[in-house]
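Structural overview for review
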Amino acid sequence: MRKRTKPADGSDGAEGGNSAASLTRGLEILRAFTADDATLGNQDLIERTGLPKATVSRLTSTLVGLGYLHYDEMLGRYSIGPATVSLGYSALSSSAVIHMVRPLMQELADQTGAAVALGTRDGLEMVYLANCRSMSPVSLRLNVGSRLPIYRTAMGLAYLVEMKPEIRKSLLEQLVAAEPEKAGDLGRLIENATEDHRRDGFISVFGSWHSYINAVGVAFRPTDGSPLVALTCGGIVDLLSRNHCREFVGPELVRLTHRLRARLAGVHDALTPPPRTPTWKTSAE
């Protein structure tokens, strides 16, 4: 997360009774926590948000009082509180898309032995909203709340390709500004993803995030006006070879979105195409 620009005197220019600014700062503190963080200290929050020490102290005290943060006096560190958990749970449990897609995701995870996830964009990253894993001991161990780079993952690239052009243009400018040295890679990855989507209907990513991970992704735009989301199925190269991704996993992920759209419309799965017969190929190409 990029730091905010602070006034030369070290004060918070947004103070002075501005409740909207205080709310924004409080949300920045909550957003500083990731799925990998059990606790954060004051210095962690200062570094991640760029907020002055006095502002962090004042806002964390308020957030603790409201139950959005928990403070461990023995450790002197903060963790996400029950009010934040309840708020996040309410948002996820009220989503028709998440409710309908989970059994379909689990079915595909069991079929492939890989991990299947649903996510959306948060800033310059993708964040998991739901995930399902098979019983395979080598399945990816990412969870709800996990964050991934948007331009090096199948989920993120599928999301980018499906975005409205004017919004995508602005996001790409932000990505280049954040990592100017990656501008060339970004352009190449977007070009490849666009071609994949045109040819196959899904995005394939082989080793761009981690060299040992292959994945496919597809975006899904709910017809009820809900935000754009993306689905991905990924695993280690020994489990998901390039050929297997392109011939079976990708088409099955597309089929999953067709089944999801049908279910959201109240149409039975019998009207969707039958599953393809997998052509397993367990060696990386």
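Residues numbered from 1 in each chain as written. Predicted model: local features only at pLDDT ≥ 70, side-chain atom pairs only at ≥ 80, totals over all residues. Heavy atoms only, no water.

An unreviewed UniProt entry lists the chain under the name DNA-binding IclR family transcriptional regulator, with Pararhizobium capsulatum DSM 1112 given as the organism.

Moving on, we come to the overall build of the chain. Per the secondary structure count, the chain includes nine helices and eight strands. Taking all 285 residues of the chain together, the buried fraction comes to 43%. The contacts of the chain with a sequence gap of at least 6 include a subset with a gap of at least 24, amounting to 58%. Of the accessible surface of the chain, which amounts to about 14,600 Å², a share of 55% is contributed by carbon and sulfur atoms. (Helix = DSSP H or I, 4+ residues; strand = E, 2+ residues; numbered from the N terminus. Buried < 20%, exposed > 50% of the residue type's maximum accessible area, 1.4 Å probe, protein only. Contact = heavy atoms within 4.5 Å. Areas by Shrake-Rupley, 256 points an atom, 1.4 Å probe, with all protein chains shown as cover.)

The contact between helix α6 (residues 154–162) and helix α8 (residues 183–200) brings their axes to 10 Å, and the two run at 75°. Of the possible angle classes, the one that applies to α6 and α8 is roughly perpendicular. Listed contacts from α8 to Leu 157, Leu 160, Val 161 and Glu 162 of α6 are Leu 189, Ile 190, Ala 193, Thr 194 and His 197. Of the residues that constitute the contact of α6 with α8, the class distribution is six nonpolar, two polar and one charged. (Axes fitted to C-alpha atoms, helices over the stretch in contact; angles between N-to-C directions. Parallel < 35°, antiparallel > 145°, perpendicular 65-115°, else oblique. Nonpolar A, V, L, I, M, F, W, Y, C, P; charged D, E, K, R; others polar.)

This paragraph deals with the sheet that holds strand β4 (residues 125–133). Strand order in the open sheet made by the six strands is β5-β4-β3-β8-β7-β6, with antiparallel pairing throughout. The open sheet is flanked by β5 (147–149) and β6 (203–206), the only strands paired with a single partner. On average, each strand axis in the sheet is inclined to that of its neighbour by 30°, with strand direction left out of account. Across eight bridges, strand β7 (residues 213–220) lies against strand β8 (residues 229–236) in antiparallel orientation. (Pairing = 2+ DSSP bridges.)

Here β6 shows a buried face lined by Ile 203 and Val 205 and a second buried face lined by Ser 204 and Phe 206. Relative to β7, β6 runs antiparallel, the two sharing four bridges. Note that in β7 the partner of Phe 206 across the bridge is Asn 214.

A word on the pairing of β8. In terms of burial, β8 is largely enclosed, as seven of its eight residues are buried. For strand β3 (residues 115–122) and β8, the ladder comprises five bridges, and the chain directions are antiparallel. Paired with Leu 118 across the bridge in β8 is Leu 231.

Before going further, it helps to spend a moment on α8. For α8, with 18 residues, the first-to-last C-alpha span of 25 Å sits near the 26 Å given by 1.5 Å per residue. Those residues of α8 not exposed but buried are Leu 186, Leu 189, Ile 190, Ala 193 and Asp 196. Along the axis of α8, the buried residues cluster in a sector spanning 125°; they form a single face. Residues of α8 that are exposed and angled more than 90 degrees away from the buried face: Gly 184, Glu 191 and Arg 198. Each element contacted by the buried residues of α8 is listed here: α6, α7 (165–178) and β6. (Expected span 1.5 Å × (residues − 1). Arc of directions from axis to C-beta.)

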